[in-house]
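For reference, the chains in residue letters:
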Amino acid sequence: MLLRAIGTILLLVLSNVFMTFAWYGNFKLREMYPSFRDWPLFCVILISWGMAFFEYMIAVPANRLGHMDTGGPYNLIQLKVIQEAVSLIVFTIVVSLVFKGESLHWNHFVSFFLIVLAVFFAFLK
């Protein structure tokens, strides 16, 4: 059961790396390749969908691995709250490392703490 719990979280981390780049990577591409700024939105969406495909290829198995109905330790609400917390953590790390122009402030940390608190409450019996 512990391996399924850890495996679920690791797969969710990996899937969220893909999703973060699928959603926000176009901003970095615009910075790195000025000609990318002129691409039609439709093309940018197709690129994002291509990255999101890999996110789904990892997220769906992560949820199946972790869900109680398939032998995992988590119910649906717990899986969703874990996914949101993981998403926030991955997003924060990516923004800090890749998007140097963005900065974190005290209110961001308070909001992160409240989300972690939501995880705690989701697991109370």
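Because the structure is predicted, anything quoted here is derived from the model rather than measured.

Draft legend 1. The side chain of Lys28, seen in detail. Mapped onto the secondary structure, Lys28 falls in helix α1 (residues 2–32). Within polar-contact distance, the side chain of Lys28 engages the backbone oxygen of Val98 at 3.0 Å. Sequence-distant contacts of Lys28, that is, excluding residues within four places in its chain, are made with Val98 and Phe99.

Draft legend 2. The arrangement of the packing of aromatic side chains in detail. Summed over the entire model, instances satisfying the criterion amount to 8 aromatic pairs. Plain terms: the ring middles of Tyr74 and Phe123 are 5.9 Å apart, the flat faces sit at 85° to each other, and that makes the pair edge-to-face. In this pair, Tyr74 is assigned in the loop between α2 (41–66) and α3 (76–98) and Phe123 in the segment after α4 (106–122), connecting sequence segments 49 residues apart. You can call Phe123 partly exposed: its relative accessible area is 30%. Clustering of aromatic rings is evident, with ring pairs tying together Phe18, Phe53 and Phe54.

Draft legend 3. Main features of the pattern of salt bridges. For the structure shown, the criterion picks out 2 salt bridges. With a closest N to O distance of 2.9 Å, Lys28 and Glu31 form a salt bridge. One end of the pair, Lys28, and the other, Glu31, are both in helix α1, 3 residues apart, so they sit about a helical turn from each other. One salt bridge in this structure joins Lys80 and Glu84, with 2.7 Å as the shortest N-O distance. Here Lys80 and its partner Glu84 are both found in helix α3, 4 residues apart, which amounts to about one turn of the helix.

Draft legend 4. The layout of surface pockets, seen in detail. By volume, the largest pocket is sized at about 330 Å³. Lining the largest pocket are 16 residues, with Asn16, Met19, Trp23, Glu55 and Gln83 positioned closest to its centre. Elements supplying a minimum of two residues to the lining of the largest pocket: α1, α2 and α3. Ranked by residues supplied to the lining of the largest pocket, first place goes to α1 with 6 residues. Within the lining of the largest pocket, the residues separate by chemical class into 8 nonpolar, 5 polar and 3 charged. In terms of lining residues, the second largest pocket is bounded by Tyr24, Phe27, Phe91, Val95, Phe99, Glu102, Ser103, Leu104, His108 and Phe112. Elements that contribute at least two residues to the lining of the second largest pocket include exactly α1, α3 and α4. For the lining of the second largest pocket, the class distribution of residues is 7 nonpolar, 2 polar and 1 charged.

Cut-offs applied
- Residues numbered from 1 in each chain as written.
- Predicted model: local features only at pLDDT ≥ 70, side-chain atom pairs only at ≥ 80, totals over all residues.
- Heavy atoms only, no water.
- Helix = DSSP H or I, 4+ residues; strand = E, 2+ residues; numbered from the N terminus.
- Polar contact = N/O pair within 3.5 Å; in protein donor to acceptor, adjacent residues only side chain to side chain.
- Contact = heavy atoms within 4.5 Å.
- Phe/Tyr/Trp six-rings, centres within 6.5 Å; stacked < 30°, edge-to-face > 60°.
- Buried < 20%, exposed > 50% of the residue type's maximum accessible area, 1.4 Å probe, protein only.
- Salt bridge = Lys/Arg side-chain N within 4 Å of Asp/Glu carboxyl O.
- 1 Å grid on protein atoms, 1.4 Å probe; cavity = no way out; pocket = protein on both sides within 12 Å on 5 of 7 lines; lining within 4 Å.
- Points joined across faces, edges and corners; volume = space filled by probe spheres on them.
- Nonpolar A, V, L, I, M, F, W, Y, C, P; charged D, E, K, R; others polar.

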